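Chain and residue survey
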Amino acid sequence: MATVHLRIGDLVWGKLGRYPPWPGKIVSPPKDLKKPRGKKCHFVKFFGTEDHAWIKVEQLKPYHAHKEEMIKINKGKRFQQAVDAVEDFLKKSKGKEQNSEGKGDSKGKKTPNKPLKILDEDDEDLSALRDPSEKPAPSMEPISKRLKIIEEDTASTSIQAADSTAINGSITPTDKRIGFLGLGLMGSGIVSNLLKMGHVVTVWNRTAEKCDLFIQEGARLGRTPAEVASMCDITFSCVSDPKAARDLVLGPSGVLQGIRPGKCYVEMSTVDPETITELSQVITSRGGRFLEAPVAGSQQLSNDGMLVILAAGDRTVYADCSSCFQAMGKTSFFLGEAGNAARMMLILNMVQGSFMATIAEGLTLAQATGQSQQTFLDILCQGQMASTFVDQKCQNILQGNFKPDYYLKHIQKDLRLAISMGDTANHPTPMAAAANEVYKRAKALDQSDNDISAVYRAYIH
């Protein structure tokens, strides 16, 4: 097969990790960003995102030659928006060319594009390769200089990328060794984005086969949680519930056996404040540093690197995790002492779970009274409650699609923990209690491993 020579300015399809091919444009890398060692690759700006990344030459295809093929295999809304952005770019470029005809130099000569040189590790001056018409890629300056930091009266701090997205082709990964325990719906997307942004990651999962894909993407394999914690500077965990979180730390070959002075442990699971307090105490008793950082979002948001991270505990660990949090989320909040993030996350999930149960109740009541469910949704999405969440969940319900984006059993667990937290604070939670009963009914109908929107089935059986 003939070799395809690509150069700066060319439109391409770029394949990154386990993500589908995406339309992009070859651009000049920032002057202070070196090409990955030993790899032949181009620096690509992806359309429809703020992503920039080094892509191996074998993972690139010319845009026009493969357009029909790619459109057939990719149908997502974001993908179509990216393709539309390419087409708009092409129209504008064509318009500029037509307007500039006859405006060349005195001899009417055109300067051909220079082919892109594949840079070696020792190449220092990249400025000669920069396309003058191309806007420079985002600076690779230290993350602390590019962060938007918001101090609130409550002493909480929000850290987010300057962009509204955290796709972060422009972040500088920490040089600390990262460990990650738990490759479920949320953990899988998080690890993919950590690897995508250049972090050195060691993974472990109770079902070892789930690690294989990430090993292929460049992750290292840890045999036990203890081994991961001992090998890595910062170890994250993201598991299903308080028992799993405790077992991971305190069980045989658990994290606690690998903790040494200075090692960091970050608990990302949604658990109760009491579990966080216990884990914080045992980790710090061994000289370790502890941070809780549960995430608000779904599998899709995890895959997209658009989670919201709620952190609390050791603030120095929070700072050390800056590049990791930018890779996995669009924003992060520091909420003070350990336990505060667990409390806030349970409140958020309590509201989300109750809202989803109410939406399902509205859909079934519409049907029971002879009203069109689709019309109900159309009206709802034109009002004040309009949101991507409402639209997607309701459309999935109407299509009978309950593929898990966030497990129903997990939202019911969160409702239960939130109700318990209310009891501890002597605060009433009647709406959450009512919603919890509906989710328990759905679980009894074998909906545990379906999406939270499957609570709808509790009303129709």
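Residues numbered from 1 in each chain as written. Predicted model: local features only at pLDDT ≥ 70, side-chain atom pairs only at ≥ 80, totals over all residues. Heavy atoms only, no water.

1. Describing the sheet that holds strand β5 (residues 60-62)
With respect to topology, 5 strands assemble into an open sheet ordered β4-β3-β2-β1-β5, the strand pairing being antiparallel. Whereas interior strands pair on both sides, the edge strands pair on one side only; in this sheet they are β4 (52-56) and β5. Averaged over all neighbouring strand pairs, the angle between strand axes comes to 45°, with direction disregarded. In this structure, strand β1 (residues 11-14) lies alongside strand β2 (residues 22-26), joined through 4 bridges in antiparallel fashion. (Pairing = 2+ DSSP bridges. Helix = DSSP H or I, 4+ residues; strand = E, 2+ residues; numbered from the N terminus. Axes fitted to C-alpha atoms, helices over the stretch in contact; angles between N-to-C directions.)

2. Description of the nonpolar core
Nonpolar side chains tend toward joint burial in soluble globular proteins. Ranked by size, the top nonpolar core spans 35 residues in total, and within it Phe180, Leu194, Phe236, Val266, Met268, Phe325 and Met328 carry the most contacts. Going through the elements one at a time, β8 (178-181), α4 (185-196), β9 (201-204), β11 (234-237), β12 (264-267), β15 (307-313), α10 (315-320) and α11 (322-328) are the ones with two or more residues in this core. Considering each element in turn, this core owes the most residues, 5 residues, to α4. Not counting the four nearest positions on each side in its chain, methionine 268 is found in contact with Phe180, Ile190, Phe236, Ser237, Cys238, Ala293, Pro294, Val295 and Met328. One finds Val390, Ala442, Ile452 and Ala458 within the second-largest nonpolar core, a separate group that totals 31 residues. (Core = buried A, V, L, I, M, F, W, Y, C linked by side-chain atoms within 4.5 Å. Buried < 20%, exposed > 50% of the residue type's maximum accessible area, 1.4 Å probe, protein only. Contact = heavy atoms within 4.5 Å.)

3. Looking at the pattern of salt bridges
Summed over the entire model, instances satisfying the criterion amount to 14 salt bridges. Among the ionic pairs, glutamate 87 bridges to lysine 67, the shortest N-O distance being 3.0 Å. In this pair, glutamate 87 is assigned in helix α2 (residues 77-100) and lysine 67 in helix α1 (residues 63-73), connecting sequence segments 20 residues apart. In this structure glutamate 87 comes out as partly exposed when scored by relative accessible area, which is 23%. Taking the shortest distance from any N to any O, the salt bridge between arginine 246 and glutamate 278 comes out at 2.7 Å. Remark: glutamate 278 occurs in helix α8 (residues 273-285) and arginine 246 occurs in helix α7 (residues 242-250); sequence separation between them is 32 residues. Salt bridges sharing common partners tie together Arg289, Asp314 and Asp320. (Salt bridge = Lys/Arg side-chain N within 4 Å of Asp/Glu carboxyl O.)

4. Describing the packing of aromatic side chains
The full count for this structure, using the stated rule, is 9 aromatic pairs. On the basis of an interplanar angle of 15° and a centroid distance of 5.1 Å, the ring pair of tryptophan 13 and tyrosine 63 is categorised as stacked. Of this pair, tryptophan 13 sits in strand β1 while tyrosine 63 sits in helix α1, and the two are 50 residues apart along the sequence. For the pair tryptophan 13 and tyrosine 63, one class covers both residues: buried. Relative to phenylalanine 334, the ring of tyrosine 318 has its centre 5.1 Å away and its plane inclined at 40°; by these criteria the two rings are tilted. Placement of the pair is tyrosine 318 in helix α10 and phenylalanine 334 in strand β16 (residues 329-334), with a sequence separation of 16 residues. The same class applies to tyrosine 318 as to phenylalanine 334, namely buried. Members of the aromatic cluster, each reached through a chain of ring pairs, are Phe180, Phe236, Tyr318, Phe325 and Phe334. Positioned above the aromatic ring of tyrosine 407, the side-chain terminus of lysine 409 is 5.1 Å from the ring centre. (Phe/Tyr/Trp six-rings, centres within 6.5 Å; stacked < 30°, edge-to-face > 60°. Lys NZ or Arg CZ within 6 Å of the ring centre and 35° of its normal.)

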